[in-house]
Amino acid sequence: MLEVREIQKTFGDRPVLRGVNLSVQKGDVVAIVGPSGSGKTTLLRCLNFLETADGGEMTFDGETFQFGRVAKRDIARIRMKTAFVFQSYNLFRNKTALQNVTEGLIVARKIPRAQAEATGMRLLEKVGMADRRDAYPSQLSGGQQQRVAIARALATDPEIIYFDEPTSALDPELTGEVLAVMRQLADEGMTMLVVTHEMGFARNVSNRVVFMEDGVVVESAPAKEFFEHPREARTQAFLRTFGARADLPGDAV
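The rules behind the values
Residues numbered from 1 in each chain as written. Predicted model: local features only at pLDDT ≥ 70, side-chain atom pairs only at ≥ 80, totals over all residues. Heavy atoms only, no water. Helix = DSSP H or I, 4+ residues; strand = E, 2+ residues; numbered from the N terminus. Buried < 20%, exposed > 50% of the residue type's maximum accessible area, 1.4 Å probe, protein only. Contact = heavy atoms within 4.5 Å. Pairing = 2+ DSSP bridges. Expected span 1.5 Å × (residues − 1). Arc of directions from axis to C-beta. Axes fitted to C-alpha atoms, helices over the stretch in contact; angles between N-to-C directions. Parallel < 35°, antiparallel > 145°, perpendicular 65-115°, else oblique. Left-handed = near helix turned anticlockwise from the far one by under 90°. Nonpolar A, V, L, I, M, F, W, Y, C, P; charged D, E, K, R; others polar. pLDDT = per-residue confidence, 0-100. Phe/Tyr/Trp six-rings, centres within 6.5 Å; stacked < 30°, edge-to-face > 60°. Core = buried A, V, L, I, M, F, W, Y, C linked by side-chain atoms within 4.5 Å.

Details of the side chain of N48
And then number 1: Topologically, N48 is positioned in the loop between α1 (40–47) and β4 (55–60).
And then number 2: The class of N48 is buried, set by a relative accessible area of 7%.
And then number 3: Setting aside residues up to four positions removed in sequence, N48 forms contacts with R79, T82, F84 and Y162.

Side note on the pairing of strand β10 (residues 216–222)
And then number 1: Where strand β9 (residues 208–213) lies against β10, 6 bridges are found, and the strand directions are antiparallel. Paired with E213 across the bridge in β10 is V216.
And then number 2: With antiparallel pairing between neighbouring strands as the criterion, β9 and β10 make up a hairpin whose turn holds 2 residues, including D214 at a positive phi of roughly 55°.

Considerations on helix α4 (residues 113–126)
And then number 1: With 14 residues, α4 extends 20 Å from end C-alpha to end C-alpha; this agrees with the ideal 20 Å at 1.5 Å per step.
And then number 2: Taken residue by residue, α4 has A116, T119, G120, L123 and L124 as its buried positions. For α4, the buried positions fall inside an angular range of 135° around the axis, keeping them on one side. Opposite the buried face of α4, by more than 90 degrees, sit the exposed residues A114, R122 and E125.
And then number 3: Where α4 is buried, its residues touch α3 (97–107) and α5 (142–155).
And then number 4: Among the residues trailing α4, G128 stands out with phi positive, at a value near 75°.

Focus on the packing of α5 against helix α6 (residues 172–187)
And then number 1: Running from N to C, α5 and α6 point in directions that differ by 20°, and their axes come no closer than 8 Å. In this view, α5 runs roughly parallel relative to α6, as classed from their interaxial angle. Remark: the crossing between α5 and α6 carries right-handed chirality. Between α5 and α6, the contacting residues are G142, G143, Q144, Q146, R147, I150 and L154 on the first element and L174, E177, V178, V181, M182 and L185 on the second.
And then number 2: Looking at the contact of α5 with α6 residue by residue, the class counts come to 7 nonpolar, 4 polar and 2 charged.

Quick look at the confidence of the model for the protein
And then number 1: When the pLDDT values of the protein are averaged, the result is 93; 96% of them are 70 or greater.
And then number 2: The low-confidence segment residues 245–253 (pLDDT under 50) makes 16 contacts with residues lying over four places distant or belonging to another chain.

Details of the sheet that holds strand β5 (residues 63–66)
And then number 1: The strand order β2-β1-β4-β5 describes an open sheet built from 4 strands, whose pairing is antiparallel. Whereas interior strands pair on both sides, the edge strands pair on one side only; in this sheet they are β2 (14–24) and β5. Put simply, the sheet's adjacent strands are angled 20° from each other on average, direction ignored.
And then number 2: Bridge analysis of strand β1 (residues 2–11) against β2 gives 8 bridges, and the strand direction is antiparallel. Bridging across to β2, E3 finds its partner in S23.

Considering the packing of aromatic side chains
And then number 1: This structure, assessed with the given rule, holds 5 aromatic pairs.
And then number 2: Note on F84 and F86: the rings are 4.5 Å apart at their centroids and 40° apart in plane angle, and the pair reads as tilted. Taken individually, F84 and F86 each receive the classification buried, so the pair is uniform in this respect.
And then number 3: Ring geometry for F84 and Y162: centres 6.4 Å apart, planes at 55°, overall tilted. Separated by 78 residues along the polypeptide, F84 in strand β6 (residues 82–85) and Y162 in strand β7 (residues 160–164) bring together distant segments of the chain.
And then number 4: For F84, a relative accessible area of 9% translates into the label buried.
And then number 5: When its relative accessible area of 1% is taken as the criterion, Y162 is described as buried.

Re the nonpolar core
And then number 1: Formed by 39 residues in total, the largest nonpolar core has its most connected members in V148, I150, I161, F163, M182 and M192.
And then number 2: Counting 30 residues, the second largest nonpolar core, distinct from the first, contains L17, V24, F49 and M212.

A few points about the environment of T52
And then number 1: By the element assignment, T52 lies in the loop between α1 and β4.
And then number 2: Other than its neighbours up to four places away in sequence, T52 contacts K9, C46 and G68.

Okay, here's the thing in C-alpha cells:
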C-alpha cells in the first residue's frame with residue numbers, strides 16, 4: 001500500500017530525515033518509536049504533505065511520486081485516501097462533536113447533511129461518544145476530544161490513518177480510552193502508521209515496529225522480534241530506558 005524510499009528533510013542547516021525507507025502493507029499497524037527529536041513526527045507530516053520533503057519518493061496505492069515535485073492535484077488525491085490524527089486533537093472549538101466529524105464530509109466532499117450526520121453518529125457511537133454529540137471541545141476531556149478526532153478521521157473512509165503521538169497529552173486513564181479505540185480499529189483491519197511512546201501498544205497491537213534516531217531508521221522488525229530479540233545495541237538501550245523488556249542484557253531479572 002505504501003512504500004517510502006530515501007525520504008529526506010532539512011530544516012535550515014539541520015537534517016531531520018536522512019534517507020528513511022519504510023513500507024506498510026494493507027492491514028498493517030506499524031508503530032514508529034524513538035527518542036524525541038528523531039524525526040518521527042516530521043516523517044509522518046511529510047507522508048501527508050503537511051511538510052514538504054526535500055527528496056526521495058513514495059509509492060502509494062500503486063502510484064509513485066517524487067517528494068518535492070508532487071502536484072497539488074496529486075496531493076489532494078492522496079489526502080482523499082488518508083487521514084491524520086494529531087497529538088493536540090485539532091478540533092474546531094466552535095463546533096460540536098458531531099459537527100467536527102461531519103464538517104469535512106459536507107464542505108469538502110459535498111455529501112448531503114443528513115447523510116453526513118448519519119455517518120457522523122455511527123462513528124461517534126463506534127468510539128463511544130454518541131452521547132456527547134452536542135458537546136463542544138471545551139466541554140470534553142482530552143481523551144474524549146481525541147476519540148472525536150479519531151471519528152473524524154474515520155469519516156472519510158481512509159485507506160490509512162496516520163497517528164502522531166495520539167496519547168502524549170493525556171493522563172493514564174484517558175490514554176486507555178484512546179488506545180482501546182485504536183486496538184479495536186487494528187482488530188478490524190484498519191491500516192495505521194502510529195508515532196508513539198506507548199510501548200505496550202507497540203508491543204501488543206502493532207505487527208511491526210520501526211525504531212528511529214537522528215533521522216534514520218535504526219531497526220525495523222516484527223513487533224515480537226523487536227521486543228524479544230532486538231538486534232541493534234541502540235535499540236536495546238532504548239528499550240531498557242522504557243522498561244519494555246526485563247531480560248535485556250544488563251537488566252535485573
